[in-house]
Amino acid sequence: QCGISFQLLDSERILAKGLRQNHDRITDYSVARLCACLVENPKCTNLQIDLSGCGYQISNQGVAILGTAFSKMPSLQYLDINLRSFTINEVGISGMCECLGKVISLKKLKINLSDCQKVGDKALSSIGMSLLSTNLTDLELNFSNCISLTDKGLGGLCAALAKLSKVPGLKR
């Protein structure tokens, strides 16, 4: 069964991982349950979520629910979220990113959207705009094999990153 396991590494770190067995998939309901557990740990500063390959039954709404949980984690400083091979589109990414922009404490962000073939230019714009309201010092984005992306979307993301690069302390 494909489910989500998470482990409280200590009072400040949580590791959540999608478990893929027997080709079953997790659903929005599983994501909502995970998120309920995450918000119960307000002191969590480091969060790593690996749901790669589990995205066939997680909808845009499920990804937006993740974003809502992140916005309710006031101490979150490092977020590594792997959504590789998800079938989500701009709606899910926009919902998640809108909430990420509210996480003032966030310093390091890593998002893997590789092989998400429905992620397009609008998603990149959402990511770029949400980053402008954060205090990021470290950022890693992976969009490899996202076939719906064009130069227009990358240009919009670059414009937002150029504004972000003027933030003192940002690693370049």
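All values derive from a computational prediction rather than experimental measurement.

> Could you give me a rundown of the overall build of the protein chain, with the residues and numbers involved?
A tally of regular secondary structure across the protein chain gives 5 helices and 6 strands. In sequence order, the secondary structure elements of the protein chain are arranged as β-β-α-β-α-β-α-β-α-β-α. A total of 172 residues make up the protein chain; the buried ones form 46% of that total. Pairs at least 24 apart in sequence give 78% of the contacts found in the protein chain among residues at least 6 apart.

> Go over helix α3 (residues 90-100) with me, naming the residues and quoting the values.
Burial analysis of α3 places 9 of its 11 residues in the buried class, which makes it a mostly covered element. When we look at burial in α3, the residues that qualify are E90, G92, I93, S94, G95, M96, C97, C99 and L100. On its buried face, α3 is in contact with α2 (60-71), β4 (78-82), β5 (108-112) and α4 (121-131). With a side-chain oxygen lying 2.9 Å from the backbone nitrogen of V91, the N-terminal cap of α3 falls on N89.

> Break down the packing of α2 against α3 for me, with residues and values.
Taken N-terminus to C-terminus, the directions of α2 and α3 make an angle of 5°; their axes are 7 Å apart at the nearest point. In terms of orientation, α2 and α3 fall into the roughly parallel class. Contacts between α2 and α3 involve N60, V63, A64, G67, T68, F70 and S71 from the first element and V91, G92, G95, M96, C99 and L100 from the second. Looking at the contact of α2 with α3 residue by residue, the class counts come to 7 nonpolar, 6 polar and no charged.

> Account for the nonpolar core, with residues named and values stated.
Residues L47, I49, L66, F70, L83 and L113 are the most contacted members of the largest nonpolar core, which totals 43 residues. The contact partners of F70, leaving out residues within four places of it in the chain, are L47, I49, L76, L79, I81, M96, L100 and V103.

> How would you explain unusual backbone geometry if you had to name every residue and give the values?
Unlike most non-glycine residues, S85 shows phi in positive territory, near 65°. Position of S85 among the secondary structure elements: in the loop between β4 and α3. Since its relative accessible area comes to 17%, S85 is described here as buried. One non-glycine residue, N145, lies in the positive phi region at around 65°. Mapped onto the secondary structure, N145 falls in the loop between β6 (138-142) and α5 (151-164).

> Account for the pairing of β4, naming residues and giving values.
A large share of β4 lies buried, amounting to 4 of its 5 residues. Where strand β3 (residues 46-50) and β4 come together, 5 bridges link them in parallel fashion. Pairing of L47 across the sheet is with L79, part of β4. Where the polypeptide runs from β3 across α2 and back to β4, its parallel neighbour, the crossover connection is right-handed. Running through α3, the crossover from β4 to the neighbouring parallel element β5 is right-handed.

> Residues and numbers for the environment of I104, please.
Positionally, I104 belongs in the loop between α3 and β5. It is 6.2 Å that separates the C-alpha atoms of I104 and N135, two residues lying 31 residues apart in sequence. Dropping the residues within four chain positions of it, I104 is found in contact with S133 and N135.

> Go over the environment of I93, please, and point to the residues and values.
Tracing the backbone shows I93 in helix α3. Separated by 29 residues in the primary sequence, I93 and A64 have C-alpha atoms spaced 7.1 Å apart. The contacts of I93, once residues within four sequence positions are left out, are I88, L113, V119, A123 and I127.

Conventions we followed
- Residues numbered from 1 in each chain as written.
- Predicted model: local features only at pLDDT ≥ 70, side-chain atom pairs only at ≥ 80, totals over all residues.
- Heavy atoms only, no water.
- Helix = DSSP H or I, 4+ residues; strand = E, 2+ residues; numbered from the N terminus.
- Buried < 20%, exposed > 50% of the residue type's maximum accessible area, 1.4 Å probe, protein only.
- Contact = heavy atoms within 4.5 Å.
- Polar contact = N/O pair within 3.5 Å; in protein donor to acceptor, adjacent residues only side chain to side chain.
- Axes fitted to C-alpha atoms, helices over the stretch in contact; angles between N-to-C directions.
- Parallel < 35°, antiparallel > 145°, perpendicular 65-115°, else oblique.
- Nonpolar A, V, L, I, M, F, W, Y, C, P; charged D, E, K, R; others polar.
- Core = buried A, V, L, I, M, F, W, Y, C linked by side-chain atoms within 4.5 Å.
- Pairing = 2+ DSSP bridges.
- Right-handed = clockwise from strand over helix to strand, strands pointing away.

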